[in-house]
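Chain residues, written in single-letter form:
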Amino acid sequence: MSGPLVVLVGPMGVGKSTVGELLAARLGTTYRDTDADVVTEAGKPIAEIFYDEGEEHFRALERRAVAAAVAGHPGVLALGGGAVLDRTTRELLAGRPVVYLSMDVDEAVRRVGLNAARPLLAVNPRKQWRELMDARRHLYEEVARTAVTTDDRTPEEVAQAIIDALELPEGAPAPGVENTGMTQQGPTRIQVAGTAGSDPYEVLVGHQLLGELPQLIGDRARRVAVLHPEALAETGEAVRQDLAGQGYEAIAIQLPNAEEAKTVEVAAYCWKALGQTGFTRTDVIVGVGGGATTDVAGFVAASWLRGVRWIAVPTTVLGMVDAAVGGKTGINTAEGKNLVGAFHPPAGVLCDLAALASLPVHDYVSGMAEIIKAGFIADPAILDLIEADPEGARTPAGAHTAELIERSIRVKAEVVSSDLKEAGLREILNYGHTLGHAIEKNERYKWRHGAAVSIGMVFAAELGRLAGRLDDATADRHRTILESVGLPLTYRGDQWPKLLENMKVDKKSRGDLLRFIVLDGIGKPTVLEGPDPAVLLAAYGEVSA
């Protein structure tokens, strides 16, 4: 019988993707995930399919994806948690090398607690988990040739148990299969050096990272405050419950969504909650959410008792590659973005890639602007990866998602490790941000940050070209790459006088002297001070709609 070498089934969060990728590398074959196939076909995350079209529509997409994968994939195949509910799928799996990966309820909630993309575990995860398993356990057992428990086992140990149970031959990687070692070694750990009296810390990138929180919080802390946006209320509560189960006095503080959270009124609300809870200098703040949430969480931590420890748990691309790394915290005022803030590095950053599956496509694409920025200022391999697969770069199911995020974080980590307080080198991270921030302010912060920065980078490229710094091909490459992932390139031409005024209060300005980060070439950022107003206007003409 032709078909997959191994088929993995089991509940959500059990680790099918992590184990499947590792197993494929061990067996010298390829890995495929039918959930990713569904996302690609639908053009939206699974959570959006559930909410927009309903579960029945999702199951129809899933049934087709499973049939195609079983017929056409010869390697390791992972099915979605509910795929076995379909009778046709169960019949299709009969007699095949199916492995049921299992785990108990406490382990399940620990693993899926950070992932807001679980539409069937939205309110009471423990109760709903038990109900799901009561309905599905016998179906997993029906289709499986063998069962492997994942409790108290590393992904490597689970993979070995599967190999032993099915007596599979290990081999060298197949052509085109790259074994990066990330799944074998657990999460990727990126070091950020301590400077100016701050301690060094790690950024972890991977899956199932909630279990790392207690170690980062430490034994000295008695209280933990989990700050989260309204959109992640269930996720914030799940984290709070998990920490309470670890023995901490944990509270959850709900913030407004996105940039609406970055006000002094919201910060004051957080201060009041900390005061009423009796927060001390040994207690810890955890920020769970996008870049705005981690900005506020870090600022509240920096300002409470002149500085308490905090941990960033970013759940968006923008939060992972930009806002949560480097210790720049802040809030907005009517006069501009991030004008009130502090440099206060976190004790650690947990980038759980599973959280990205729940992002609306426009929010995911917005985060790509910061990744592309990192490519232009420091790591051209990022640009090559996006150009090779622009459609894949638009989705968390893309083949290079983890590598793009890790490379971007490494760029920022290297810069901030040598310049915490933006005295010099760190300014290069503001490539595209001078005009971008001006656009955000002009739009009263209703625009996505990445969309504004995308236009800002095109403007900076044109400014560099007009100043004789940047060659035509590299300037044009900005437009091609940004447009290929769906980011905007133009803004309203009649807004230039307002934007110019906004840029004069940008943090990089010195007195009345405007400063812009431009490129002398890819990976060669530099500062352009006080450009001729006519050159600025001409550059803006190139991005005017």
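For the structure itself, look to the data block above.
Residues numbered from 1 in each chain as written. Predicted model: local features only at pLDDT ≥ 70, side-chain atom pairs only at ≥ 80, totals over all residues. Heavy atoms only, no water.

S.K.: Quick one: what's the story with helix α18 (residues 433–442), residue by residue and with numbers?
M.R.: Most of α18 sits inside the fold, with nine of its ten residues counted as buried. Here α18 has its buried residues at His433, Thr434, Leu435, Gly436, His437, Ala438, Ile439, Glu440 and Asn442. For α18, the elements touching its buried residues are β13 (336–343), α14 (361–377), α19 (449–466), α21 (496–503), β15 (515–519) and α22 (533–541). Arg444 sits one or two residues past α18 and shows a positive phi near 55°. (Buried < 20%, exposed > 50% of the residue type's maximum accessible area, 1.4 Å probe, protein only. Helix = DSSP H or I, 4+ residues; strand = E, 2+ residues; numbered from the N terminus. Contact = heavy atoms within 4.5 Å.)

S.K.: Pulling in residues and values, what's your account of the side chain of Lys262?
M.R.: By the element assignment, Lys262 lies in the loop between β9 (249–255) and α11 (264–277). A polar contact is formed between the side chain of Lys262 and the side chain of Asp295, at a distance of 2.7 Å. At 2.6 Å, the side chain of Lys262 and the side chain of Asn338 are in polar contact. For Lys262, the contacting residues outside a window of four places in its chain are Ala292, Asp295, Val296, Gly330, Ile331, Asn332, Lys337 and Asn338. (Polar contact = N/O pair within 3.5 Å; in protein donor to acceptor, adjacent residues only side chain to side chain.)

S.K.: Run through the pairing of strand β4 (residues 98–102), naming residues and quoting values.
M.R.: A large share of β4 lies buried, amounting to five of its five residues. As defined by bridge partners, strand β1 (residues 6–9) adjoins β4 across three bridges and the pair is classed as parallel. By the bridge assignment for β4, Val9 is matched with Tyr100. Here β4 pairs with strand β5 (residues 146–149) via four bridges, running parallel. Bridge pairing in β5 links Val99 to Thr146. (Pairing = 2+ DSSP bridges.)

S.K.: Before we move on, can you summarise the environment of Ala221 with the specific residues and values?
M.R.: Positionally, Ala221 belongs in the loop between α9 (213–217) and β8 (223–229). As for Ala221 and Glu249, which are separated by 28 residues in sequence, their C-alpha atoms are 9.2 Å apart. In this structure, Ala221 is in contact with Tyr248, Thr282, Asp283 and Val284, ignoring residues within four places of it in sequence.

S.K.: Give a detailed account of the side chain of Thr294, specifying residues and quantitative values.
M.R.: Within the secondary structure, Thr294 sits in helix α12 (residues 291–303). Looking at Thr294, the relative accessible area reads 1%, which means it is buried. A polar contact of 3.1 Å, which involves the side chain of Thr294, links it to the backbone oxygen of Gly291.

S.K.: Before we move on, can you summarise the packing of aromatic side chains with the specific residues and values?
M.R.: Considering all chains together, one arrives at six aromatic pairs under this definition. Summarising the aromatic geometry, the rings of Trp271 and Phe299 are spaced 6.3 Å apart at their centres and angled 50° between planes, so their arrangement reads as tilted. Here Phe299 lies in helix α12 and Trp271 lies in helix α11, a separation of 28 residues in the sequence. Look at Phe299 and you get buried, because its relative accessible area is 9%. Ring centres of Phe459 and Trp496 lie 6.1 Å apart, and the angle between their planes is 45°; this geometry places the pair in the tilted category. (Phe/Tyr/Trp six-rings, centres within 6.5 Å; stacked < 30°, edge-to-face > 60°.)

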